[in-house]
Protein chains: 2
Amino acid sequence: MAVSLEKIEPIICDRKEQYLAQLFTLLRQKSISTQNDGIVECAELLREFMEEIGIQTRLIETKGNPVVYGQLLKNESAFTLLIYGHYDVQPPDPLEEWLSPPFEPTIRDGKIYCRGAGDNKGQLMAQVLAVKTYLDAYGELPINVKFVFEGEEERSSVNLPSFVQENKELLKADLVYTSDGPSHESGNPLILLGVRGNLKVQLTAAGADWDNHSGNKGNIVPNPVWKLIDLFHTLRDGNERVLIEGFYDNIRQPTEFELRLLKEIPYNRDEISEKIGYKDLALDGETYYRRLMFEPTFNISGFHSGYGGNGVKTIIPSKATAKMDIRLVADQDPEDIYQKFVRHVKKHAPDIDVQFMGAVDPSRTSSNHELVKVVTSAVREAYQLEPIIQPSLGGSLPDYVWTKLLGLPSIVVPYANFDEANHSPNENLNIDHFFNGIKCTCHVIHKLGEHSRTSITI
Amino acid sequence: MAVSLEKIEPIICDRKEQYLAQLFTLLRQKSISTQNDGIVECAELLREFMEEIGIQTRLIETKGNPVVYGQLLKNESAFTLLIYGHYDVQPPDPLEEWLSPPFEPTIRDGKIYCRGAGDNKGQLMAQVLAVKTYLDAYGELPINVKFVFEGEEERSSVNLPSFVQENKELLKADLVYTSDGPSHESGNPLILLGVRGNLKVQLTAAGADWDNHSGNKGNIVPNPVWKLIDLFHTLRDGNERVLIEGFYDNIRQPTEFELRLLKEIPYNRDEISEKIGYKDLALDGETYYRRLMFEPTFNISGFHSGYGGNGVKTIIPSKATAKMDIRLVADQDPEDIYQKFVRHVKKHAPDIDVQFMGAVDPSRTSSNHELVKVVTSAVREAYQLEPIIQPSLGGSLPDYVWTKLLGLPSIVVPYANFDEANHSPNENLNIDHFFNGIKCTCHVIHKLGEHSRTSITI
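Calculation criteria
- Throughout this document, residue positions are counted from 1 along each chain, in the order its sequence is written.
- Chain letters start at A and ligand numbers start at 1, both assigned in the order the entries are written.
- With the structure being a predicted model, the display of local features is reserved for residues of pLDDT at least 70 and the display and counting of side-chain atom pairs for 80 or more, all residues being used for whole-chain, interface and lining totals.
- Only hydrogens and water are removed before side-chain values are computed, so all heavy atoms of the structure are retained for them.
- Numbering goes from the N terminus for both helices and strands, where a helix is a DSSP run of H or I of at least four residues and a strand is a run of E of at least two.
- Every radius of gyration here is taken over C-alpha atoms, with the globule rule written as 2.2 Å times N^0.38, N being the number of residues.
- Relative accessibility decides the category of a residue: with a 1.4 Å probe and only protein chains considered, values under 20% of the type maximum give buried, values over 50% give exposed, and everything between is partly exposed.
- Any two residues whose heavy atoms approach within 4.5 Å are treated as being in contact.
- Residue exposure ignores everything except the shown protein chains as possible cover, and the areas themselves are Shrake-Rupley values with a 1.4 Å probe.
- In summary, the charge assignment counts Lys and Arg as positive and Asp and Glu as negative, without counting His or the chain termini.
- The atom standing in for a charge is NZ when the residue is Lys, CZ when it is Arg, CG when it is Asp and CD when it is Glu.
- One side-chain nitrogen of Lys or Arg within 4 Å of one carboxyl oxygen of Asp or Glu is enough to make a salt bridge.
- UniProt positions are given in the numbering used here, feature names are shortened, and annotations may be inferred rather than shown by experiment.
- Any pair of nitrogen or oxygen atoms within 3.5 Å is treated as a polar contact; in protein, a donor-acceptor pairing is required on top of that, and neighbouring residues in sequence qualify only through side-chain atoms on both sides.
- One bridge is not enough; two strands pair if DSSP finds at least two bridges between them.
- Residue polarity follows a fixed list, in which Ala, Val, Leu, Ile, Met, Phe, Trp, Tyr, Cys and Pro are nonpolar, Asp, Glu, Lys and Arg are charged, and the others, Gly among them, are polar.
- For the purposes of this description, domain bounds are those given by an automatic or database domain assignment.
- When two components associate, each loses some accessible surface as probed by a 1.4 Å sphere; the sum of these losses over both components is called the buried area.
- To qualify as a nonpolar core, a set must consist of buried Ala, Val, Leu, Ile, Met, Phe, Trp, Tyr and Cys residues joined through side-chain atoms within 4.5 Å.
- Expected helix span is given by 1.5 Å per residue-to-residue step, counting one fewer step than there are residues.
- Comment: arc refers to directions from the helix axis out to C-beta atoms.
- Each Phe, Tyr or Trp ring, with Trp reduced to its six-membered ring, pairs with another whose centre is within 6.5 Å; inter-plane angles below 30 degrees give stacked pairs, above 60 give edge-to-face pairs, and intermediate values give tilted ones.
- Whether a charge sits over a ring depends on NZ of Lys or CZ of Arg being within 6 Å of the ring centre and within 35 degrees of the ring normal.
- For helices, the axis comes from a line fit to the C-alpha atoms of the stretch in contact; other axes are also lines fit to C-alpha atoms, and the angle between any two N-to-C directions lies between 0 and 180 degrees.
- In what follows, roughly perpendicular refers to angles from 65 to 115 degrees, roughly parallel to angles under 35, roughly antiparallel to angles over 145, and oblique to any angle outside these ranges.
- Should the near helix be turned anticlockwise from the far one by less than a right angle, the crossing is termed left-handed; should it be turned clockwise, right-handed.

- Naming follows an unreviewed UniProt entry, where chain A appears as Acetylornithine deacetylase/Succinyl-diaminopimelate desuccinylase of Paenibacillus tianmuensis.

1. Here we look at the overall build of chain A
- From N to C terminus, chain A includes 13 helices and 19 strands.
- Here chain A has a C-alpha radius of gyration of 23 Å; the compact-globule value for 458 residues is 23 Å, and the two agree.
- When the backbone C-alpha atoms are referred to their principal axes, chain A occupies close to 80 × 45 × 45 Å.
- Going through the 458 residues of chain A one by one, you find that 64% of them count as buried.
- Residue pairs at least 24 apart in sequence account for 80% of intrachain contacts in chain A once pairs closer than 6 positions are excluded.
- If you sum the accessible surface of chain A, you get close to 17,100 Å²; carbon and sulfur atoms cover 47% of it.
- Positive and negative charge centroids in chain A, built from 47 and 64 side chains respectively, lie 2 Å apart.

2. Here we look at the pattern of salt bridges
All names here are of chain A.
- Per the counting criterion, the structure on display carries 48 salt bridges over all chains.
- The closest approach of N and O atoms between Glu 258 and Arg 364, which form a salt bridge, is 3.7 Å. Pair noted here: Glu 258 is in helix H7 (residues 256-264) and Arg 364 is in strand E16 (residues 363-364), with a separation of 106 residues, a long-range link.

3. Re the UniProt feature "domain: Peptidase M20 dimerisation" (unreviewed entry) in chain A
- Those residues carrying the UniProt feature "domain: Peptidase M20 dimerisation" (unreviewed entry) are residues 194-351 of chain A in this numbering.
- The span residues 194-351 of chain A shows a helical share of 34% and a strand share of 22%, and its end C-alpha atoms are spaced 38 Å apart.

4. Here's the deal with the side chain of Asp325(A)
- For Asp325(A), the location among the structural elements is in strand E14 (residues 319-328).
- Engagement of the side chain of Asp325(A) in a polar contact is seen with the side chain of Asn299(A), the distance being 2.9 Å.
- Side-chain polar atoms of Asp325(A) contact the side chain of Ser214(B), separated by 2.6 Å.
- Once residues lying within four places of it in the same chain are set aside, the contact partners of Asp325(A) are Leu199(A), Lys200(A), Thr297(A), Phe298(A), Asn299(A), Ser301(A), Ser214(B), Thr314(B) and Ile315(B).

5. What to know about the side chain of Lys340(B)
- Mapped onto the elements, Lys340(B) comes out in helix H10 (residues 334-348).
- Those residues in contact with Lys340(B), other than ones at most four positions away along the chain, are Ile244(B), Glu245(B), Gly246(B), Phe247(B), Asp249(B) and Asn250(B).

6. Here's the deal with the environment of Glu41(A)
- Residue position: Glu41(A) is located in helix H3 (residues 39-53).
- Separated by 52 residues in the primary sequence, Glu41(A) and Asp93(A) place their C-alpha atoms 21 Å from one another.

7. Details of the pairing of strand E12 (residues 299-306) of chain B
- Along E12(B), six of the eight residues are buried, which leaves the element largely enclosed by surrounding structure.
- Of the pairings in the sheet, the one linking strand E12 (residues 299-306) of chain A to E12(B) comprises five bridges and is antiparallel in character. Among the inter-strand pairings, Gly306(A) is bridged to a residue of E12(B), identified as Gly302(B).
- In the sheet, E12(B) pairs with strand E14 (residues 319-328) of chain B via six bridges, with the strands oriented antiparallel. The residue of E14(B) that forms the bridge with Gly302(B) is Lys323(B).

8. Considering the interface of chain A and chain B
- Counting residues at the interface gives 79 residues for chain A and 80 residues for chain B.
- Joining chain A to chain B, the criterion identifies two salt bridges.
- The shortest N-O distance in the salt bridge between Arg236(B) and Asp230(A) comes to 3.4 Å.
- At the junction of chain A with chain B, the criterion picks out 56 residue pairs in polar contact (both at pLDDT 80 or more).
- Of all the secondary-structure elements, those providing two or more residues to the side of chain A that touches chain B are strand E10 (197-206), strand E11 (212-213), helix H6 (224-235), helix H8 (269-276), helix H9 (285-293), E12, strand E13 (315-316) and E14 of chain A.
- Looking at the side of chain A that touches chain B, the element that brings in the most residues is E12(A), giving eight residues.
- Its residues placed into classes, the side of chain A that touches chain B shows 30 nonpolar, 32 polar and 17 charged.

9. Thoughts on the domain arrangement of chain A
Residue and element names in this part refer to chain A.
- Its domain assignment divides chain A into domain 1 (3-195 + 363-457) and domain 2 (197-253 + 294-360).
- Placing a centre on the C-alpha atoms of domain 1 and another on those of domain 2 gives a separation of 35 Å.
- The partner domain 2 presents twelve residues to the ten residues of domain 1 that form the contact.
- Summed over both sides, the interface of domain 1 with domain 2 buries roughly 900 Å², with 49% coming from carbon and sulfur.
- When the buried area of domain 1 at its contact with domain 2 is split by residue, Ser 156, Arg 364 and Ser 396 rank highest and sum to 63% of it.
- Where domain 1 packs against domain 2, one counts zero salt bridges.

10. Remarks on the nonpolar core
- The biggest cluster of nonpolar side chains holds 68 residues, and the ones touching the most others in it are Phe149(B) and Phe434(B).
- Element by element, the count of residues in this core is highest for helix H4 (residues 117-138) of chain B, at eleven residues.
- Those residues within four positions of Phe149(B) in sequence are excluded, and the remaining contacts are Leu46(B), Met50(B), Pro66(B), Val67(B), Val68(B), Ile83(B), Tyr84(B), Gly85(B), Tyr87(B), Leu124(B) and Val128(B).
- Leu5(A), Ile8(A), Phe49(A) and Val131(A) belong to the second largest nonpolar core, which has 67 residues in total.

11. Notes on the pairing of strand E6 (residues 144-150) of chain A
Residues and elements named next belong to chain A.
- With seven of seven residues buried, E6 is to be regarded as a mostly interior element.
- Residues Asn 144, Lys 146, Val 148 and Glu 150 of E6 are buried on one face, and the alternating residues Val 145, Phe 147 and Phe 149, pointing to the opposite face, are buried as well.
- For strand E2 (residues 67-72) and E6, the ladder comprises five bridges, and the chain directions are antiparallel. By the bridge assignment for E6, Tyr 69 is matched with Val 148.
- Pairing analysis gives seven bridges linking strand E3 (residues 80-86) to E6, with the strands arranged parallel. The partner of Gly 85 across the bridge, within E6, is Phe 149.

12. Side note on H3(A)
All names here are of chain A.
- A rise of 1.5 Å per residue sets the reference length of H3, with its 15 residues, at 21 Å; its end C-alpha atoms lie 22 Å apart and thus fit the reference within 8%.
- Restricting attention to buried positions, one finds in H3 the residues Ile 39, Cys 42, Ala 43, Leu 46, Arg 47, Phe 49, Met 50 and Ile 53. Across the axial projection of H3, the buried residues extend over an arc of 165°, all falling on one side.
- Buried residues belonging to H3 abut helix H2 (16-28), strand E1 (56-60), E2, helix H4 (117-138) and E6.

13. Notes on the packing of aromatic side chains
- Inspection of the entire model under this criterion finds 29 aromatic pairs over all chains.
- An angle of 85° between the planes, with centres 5.0 Å apart, marks the rings of Phe247(A) and Tyr248(A) as edge-to-face.
- Geometry around Tyr113(B) places Arg108(B) over its ring, the cationic atom sitting 4.0 Å from the centre.
- One cation-aromatic arrangement involves Arg241(B) over Tyr248(B); the distance from NZ or CZ to the ring centre is 4.1 Å.

14. Quick word on the packing of helix H6 (residues 224-235) of chain B against H10(B)
Residue and element names in this part refer to chain B.
- At a minimum axis distance of 10 Å, the contact between H6 and H10 shows a crossing angle of 125°. On the basis of their axis angle, the class for H6 and H10 is oblique. For the pair H6 and H10, the crossing hand works out as right-handed. On H10, the residues that touch Leu 231, Thr 234 and Leu 235 of H6 are Phe 341, His 344, Val 345 and His 348.

15. Things to note about the sheet that holds strand E15 (residues 353-360) of chain B
- As summarised here, the arrangement of the eight strands in space is E15(A)-E10(A)-E14(A)-E12(A)-E12(B)-E14(B)-E10(B)-E15(B), forming an open sheet in which the pairing is antiparallel. Taken across any chain shown, the strands that pair with only one partner, and hence form the sheet edges, are strand E15 (353-360) of chain A together with E15 of chain B. Strand-to-strand twist of the sheet, defined as the mean angle between neighbouring strand axes without regard to direction, takes the value 15°.
- The sheet contact formed by E10(A) and E15(A) spans six bridges and is antiparallel. Paired with Asn198(A) across the strands is Val360(A), a residue of E15(A).

Below, the structure written as structure tokens:
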């Protein structure tokens, strides 16, 4: 089989500059979904590029940002792979921490620095360019391929579920394949079979209608910062256990097999410690992965009130705001957790406002699925390294729309480097990872073609 | 006596436009001490203006911003009044809440809107223009007058104590007189015999060296917001009592006489409620004033960490900062409280950094002092209203440099309107209050002249 893919590598090698230039064009186009900046321009740019390759494309409107849909069909009965990705990106701030402009792709030390380089434009382009490479090498694909590139992943994919519900016929497929997130720090390829979900909320506490002087009004008007602090204290205990009633009720416990997989994942504490910028990391590997895959989080992603400049300003702030994102594990239901959260706040701090800011369900595909084995074998051949199989990603993707809404198996194979710094300043994508991603997708397409021919003959 | 001051009122009346224009020139000159913006320019402008009136002036350098010193001496043996004020102002943000530009004095509904209008340029100019008015009316002052206008009051008057220590001879006086802060909401003139002190600190908690993705690193790197929240919970209980060991140890309890004064201060809850923008104000008058004068505060004036823009950003912040200002009552010592604060933090959260950001001692002058009666009588005649005597201001002024370092009585008579919104957007000074301030200073100077002649004959 490896022989039949021998044309792939030389084509990629010849076209490195061209493929990078095409990626850079997409990276330069801002597409910040939480700020509605450049979205439609980016979607159109991506669509045109896919069309040029020979993929049938169209923008499908949603209640929010358009989906870039594409398909390249062999025939009705062929195996169908649905490739999912997203063309929107996170806001770039804090701007002052970027070493090069966030929307000007810049190569340093073999890496492309740009917002969206890893998350997700670089990985998405690897998929598209794999199709171009395969077509140019062999004239046609061995399977049907469909693409769904959405523009709202960084705002919780709010309209993806309804898009999927409304387009079930169009999206008919045998397997969903995603490349997003960082690959494993060991350098071995990673195969992810699920994700944590999340729930995002914003808390707002009010004091007086405007900021007051902390001397002349001190002890008279309430301070909304203290209101939030007092509420937070009722939400979590000193051992970091969430005190919302029923928060842990529905958590699916890991199976013996999954716990065994944890132990097999390579873990180099010093390396991780350096890569995440936290020298005091003291966890062992099993705990590290268990916390990432099987335990929910209760994170405060922002807390803002009053004066934040240099020096001092003696005021009692009129308002305090906190943003939270809570990662949920299989089978926690974001809607259920949100209701419990609201109930808790109403009980302990009824005058604090809770705003729902988005949610994604968790998702998990069985480690025993036949296609997991096929993809694992393709990835192994592409990288010539043993893939690491993780039952879940620490982060969130709207994977449940495939597993829960369409009932399909879903496999995530991240192409970005472990230290891609997604969501942070100086986000980057290792150039080798980009080209290996193109190669890997070619192998997956090829192997699924072989598998489906075998399946049919059987 | 009232007869002998009959020339004052007509002069003020004739010169309203001129006096306002002179104030506006000073207001337009920025002088933000915490940002070192426009300080020297403002000091020079003020000095020149005083010089034109006939006051001997000079800028006296300190380790920080210069003091504008002035004197107009009758003779060595005459009674000496030392007038204190400050020419620096608070930063104007949040800028978007100003209805007119913060450094362009704008008249609306009989009020001058501008940063510094009330705090303290308008009141300081009322003192200076009183001298001009008195001189033009009567050719000379009945007493010696000295002026100390500092440029660092809004950053805790950090260099005023050493300035006073180093210039004891120059500053020899019989009484210190200050006009700062808002007058009483009842409209009656206010006489203040002390201030609360304050202690300002900044707390900084660190997590990883940079922001991390809340999914891929969630449960792995610590969140500095939670660190601060956990610390704050050890600092104050649910009844708002400060839990720092020894925090309440040295508080001077109010005397029977002071408590009686509290009951005599007019209190209109609805009016205050409206003026401070807090409709749920439920305190009775005695509690209101006791909390402002005799109880310390424990205020958080700013709390900032992570993402604060629109929408969401799923990060674990790398840093969280909180600014506190703690008002202290007589005889709490800021240095002592700071040491106790640091000890508490070292015990409960040793990795949180505490930064000292400035302090002012509390101060109180005896309600029975003879000069309190003289000034009260002058104020009564100027306003034709019964003055309200308050043992303390809720806010802070470096009054202790007079009472503690020089051993002088010190009296504060605020000229600004109650709703001057000092330290807030749309700071303002009622025009009538400005002209009444000029008149009041003339009465105080005159009455002190009469008093000193009487004293000498006796």
